[in-house]
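A structural walkthrough
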Amino acid sequence: MTKRLEGKRAFITAAGQGIGQAIALAFVREGARVVATDREAAKLAALDGCETQILDVLDDTAFAGAVAAAGPLDVMVNCAGVVHQNTALTCTDAEWDAAFALNCRATWKGMAAALPAMLERGRGTVVNIASAAGYAKAPPNRFAYAATKAAVVGMTKATALDVVTRGVRVNCICPGTVDTPSLGERIAANAAAAGGTEAARAAFVARQAMGRLGNAEEIAMLAVYLASDESAFITGQAVVIDGGWTL
């Protein structure tokens, strides 16, 4: 049986853990040739079957060079991101700048690096990782994060429209609360106020309509679909996958 991404060349940022890692491994299972990148070399060690590369997506020159060196891409996945806990009253200038640099600027630069070759060949797909937060709903204490992820949705739709007649598709995935190392960091940060780690984790679970957190593999399978030819008539969409959180 033919694999869903057989023969496709994919480039994935922040592939060292969580959703990015799950996407990289799912793509390999589905037959893609994957260039998996992360700024931390140790996190790339578990990515069997991938070509791995240390990359800081905040370095514009290095980012563009890595994408160019990867050769003509069929799929670009912009997964790098950061979550700050703040409100309009507590957000610092440093947090705001860091959130927009990693969540938005790096997504822009990833698209800008990958699109020219895709447009020249008349085919390709971009998958950006946005969030249900900021697009469909706003959780408490996520001011800068919600702002940046809403911006990713806007950039996705604008870019999809600009290339819609040229054989290239651009979509974004909007996950809800997913059990990843990033969530673990937020649970740890909330533990003292919540009365312990288990209580902090329970608070995240309690707000889920399905009564559980998502897992990275579930997000990865949606990325496989959006990267595959099965989704050939889908572009400019923000696909929410949140277990009913936004209902």
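That block above? That's the structure.
A brief structural summary. (Residues numbered from 1 in each chain as written. Predicted model: local features only at pLDDT ≥ 70, side-chain atom pairs only at ≥ 80, totals over all residues. Heavy atoms only, no water.)

1. Some thoughts on the packing of helix 5 (residues 181–194) against helix 6 (residues 197–206)
We apply this condition: Axis geometry follows a simple rule: fit a line to the C-alpha atoms, using only the stretch in contact for helices, then measure angles between N-to-C directions, giving values from 0 to 180 degrees. In this description a helix means any DSSP run of H or I spanning at least four residues, a strand means any run of E spanning at least two, and both kinds are numbered starting from the N terminus. Working rule for handedness: look at the near helix, and if it is turned counterclockwise from the far one by less than a right angle, call the crossing left-handed; if clockwise, right-handed. Should any heavy atoms of two residues lie within 4.5 Å, those residues are considered in contact. Think of it as three bins: nonpolar holds Ala, Val, Leu, Ile, Met, Phe, Trp, Tyr, Cys and Pro, charged holds Asp, Glu, Lys and Arg, and polar takes everything else, Gly as well.
Interhelical geometry of helix 5 versus helix 6 gives an angle of 115° and a closest axis separation of 7 Å. Every pair of crossing elements has a handedness; the one defined by helix 5 and helix 6 is right-handed. Contacts between helix 5 and helix 6 involve Leu 183, Arg 186, Ile 187, Asn 190, Ala 191 and Ala 194 on the former and, on the latter, Thr 197, Ala 199, Ala 200, Arg 201 and Phe 204. Classifying every residue of the contact of helix 5 with helix 6 by side-chain character gives seven nonpolar, two polar and two charged.

2. Observations regarding the layout of surface pockets
To be explicit about the condition: Note on definitions: the grid is 1 Å and covers protein atoms alone; a cavity is a set of points where a 1.4 Å probe fits but cannot get out; a pocket is an open set with protein on both sides within 12 Å along at least five of seven lines; lining residues have an atom within 4 Å of a point. Grid points are joined across faces, edges and corners, and a volume is the space filled by probe spheres set on the points.
Each pocket or cavity is described by its volume, and for the largest pocket that value is around 1,100 Å³. Going through the elements one at a time, helix 1 (18–29), strand 2 (33–38), helix 3 (93–121), helix 4 (143–163) and helix 5 are the ones with two or more residues in the lining of the largest pocket. Per element, the largest residue contribution to the lining of the largest pocket is five residues, and it comes from helix 5. Of the residues belonging to the lining of the largest pocket, the class tally is 24 nonpolar, twelve polar and ten charged.

3. Quick notes on the pattern of salt bridges
Opposite charge on two side chains permits them to pair, given that their charged atoms come into close proximity. The criterion, for reference: Salt bridges are identified by distance alone: a Lys or Arg side-chain nitrogen within 4 Å of an Asp or Glu carboxyl oxygen. With a 1.4 Å probe rolled over the protein chains alone, any residue whose accessible area is under 20% of its type maximum counts as buried; one over 50% counts as exposed, and the rest are partly exposed.
Taken as a whole, this structure holds nine salt bridges when the rule is applied. Among the salt bridges present, the one from Glu 51 reaches Arg 9, with a minimum N-O distance of 2.6 Å. Taken together, the residues span a long stretch of sequence, with Glu 51 in strand 3 (residues 51–54) and Arg 9 in strand 1 (residues 9–12) at a distance of 42 residues. Owing to a relative accessible area of 41%, Glu 51 belongs among the partly exposed residues under this scheme. Notably, a salt bridge pairs Arg 121 with Asp 74, separated by 3.7 Å at the nearest N-O pair. Of this pair, Arg 121 sits in helix 3 while Asp 74 is found in the loop between helix 2 (60–69) and strand 4 (75–78), placing the two residues 47 residues apart along the sequence. For Arg 121, a relative accessible area of 30% gives the class partly exposed. Of the residues examined, Asp 74 reaches a relative accessible area of 11% and is grouped as buried. The network of salt bridges with shared partners includes Asp 74, Arg 121 and Arg 123.

4. A look at the packing of aromatic side chains
The following threshold applies: Aromatic pairing here means that ring centres of Phe, Tyr or Trp (its six-membered ring) are within 6.5 Å. Orientation follows from the plane angle: under 30 degrees is stacked, over 60 is edge-to-face, and everything else is tilted. By definition here, charges over rings are those cases where NZ of Lys or CZ of Arg is within 6 Å of the ring centre and within 35 degrees of the ring normal.
Enumeration according to the criterion identifies three aromatic pairs in this entry. Ring centres of Trp 96 and Phe 100 lie 4.6 Å apart, and the angle between their planes is 45°; this geometry places the pair in the tilted category. Here the residue Trp 96 and the residue Phe 100 both occupy positions in helix 3, the gap between them amounting to four residues, near one helical turn. Judged by relative accessible area, Trp 96 falls into the partly exposed class, the value being 33%. Taken together, Trp 96, Phe 100 and Phe 143 form an aromatic cluster joined through their ring pairs. Above the face of the Trp 108 ring, Lys 109 is positioned so that its terminal group lies 4.1 Å from the ring centre.

5. Quick word on the pairing of strand 4
Operational definition: When DSSP finds two or more bridges between a pair of strands, those strands are recorded as paired.
With burial as the criterion, each face of strand 4 is covered, one bearing Val 75 and Val 77 and the other bearing Met 76 and Asn 78. Here three bridges tie strand 1 to strand 4, and the two strands are oriented parallel to one another. Bridge pairing in strand 4 places Ile 12 opposite Val 77. Pairing analysis gives four bridges linking strand 4 to strand 5 (residues 124–129), with the strands arranged parallel.

In short, the description is geometric, and any link to function would need to be established separately.
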